[in-house]
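Per-entry structural report
Spelled out, the chains give:
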Amino acid sequence: MTGSLHYFKNEEQAPPHTRVLFVFAKDYWLAFDDQRKLGEIGLIQNVDEFLKKRALGPDALDFDVAKFKKVLGKRRGTVKSILMNQKLIAGIGNIYADEILFRVRMYPATEISSLGDKALAKLFRATRYVLEKAIAAKADVDVMPKSWLLSQRGKGGKCPRCGHELKLSKIGGRTAWFCPHCQRRAL
């Protein structure tokens, strides 16, 4: 959810918030850049044990639509909070949850229990689409589609779909950016 690795040739190219720096032969460097200091680096012996100890759910891209509906359809809480619950589905962070919900025109505080099969299937397709595009773009906002909410998140941001000003709300203790026109609260 935070931090990234940067591999580079010269020390001058080190990212501004380097927390760990590995130095290799012939002046190659690997930096862990983490402005918010929320990430961590460690050595593990067994990936499966690590995941079990952390109680992480399956990777979001390992779901099929049936499994997605089964896991989410029985929950209570807001759709944004459920999407970000790493114990249920690993790999959906705050900005991608906002993007997924924007894509399906869903208000972030919608109760997940109010969603039917059709809405859950739509949410599943949007989740796969957004995550696959983000991975292909290597999470580079400048490479991602301009029609996405991502580049507009922030104060004064405008909806790329309708041009209305984006709204900020706290949902489940996290910020949620959304378009109040395109993602209306259900009545």
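This text follows the structure it describes.
Residues numbered from 1 in each chain as written. Predicted model: local features only at pLDDT ≥ 70, side-chain atom pairs only at ≥ 80, totals over all residues. Heavy atoms only, no water.

1. Some words on the pattern of salt bridges
Note the threshold: Any carboxyl oxygen of Asp or Glu within 4 Å of a side-chain nitrogen of Lys or Arg constitutes a salt bridge here. Numbering of helices and strands starts at the N terminus; helices are DSSP runs of H or I of at least 4 residues and strands are runs of E of at least 2. Residue burial is assigned from relative accessible area. The probe radius is 1.4 Å, only protein chains are included, and a residue is buried under 20% of its type maximum, exposed over 50%, and partly exposed in between.
In the structure shown here, the tally under the stated rule is four salt bridges. Glu40 is paired through a salt bridge with Arg54; the nearest N and O atoms lie 2.6 Å apart. Residue Glu40 is found in the loop between strand S3 (28-33) and helix H1 (47-54), and its partner Arg54 is found in helix H1; the two are separated by 14 residues along the sequence. By relative accessible area, which is 57% here, Glu40 ends up exposed.

2. Remarks on the environment of Leu83
Note the threshold: Residue contacts follow a heavy-atom distance rule, with two residues in contact if any of their heavy atoms lie within 4.5 Å.
The topology assignment puts Leu83 in helix H3 (residues 79-84). Through-space distance from the C-alpha of Leu83 to that of Asp98 is 9.7 Å; in sequence the pair is 15 residues apart. Among all residues touching Leu83, those that are not within four sequence positions of it are Phe68, Leu72, Ile89, Ile92, Ile100, Leu101, Leu123 and Thr127.

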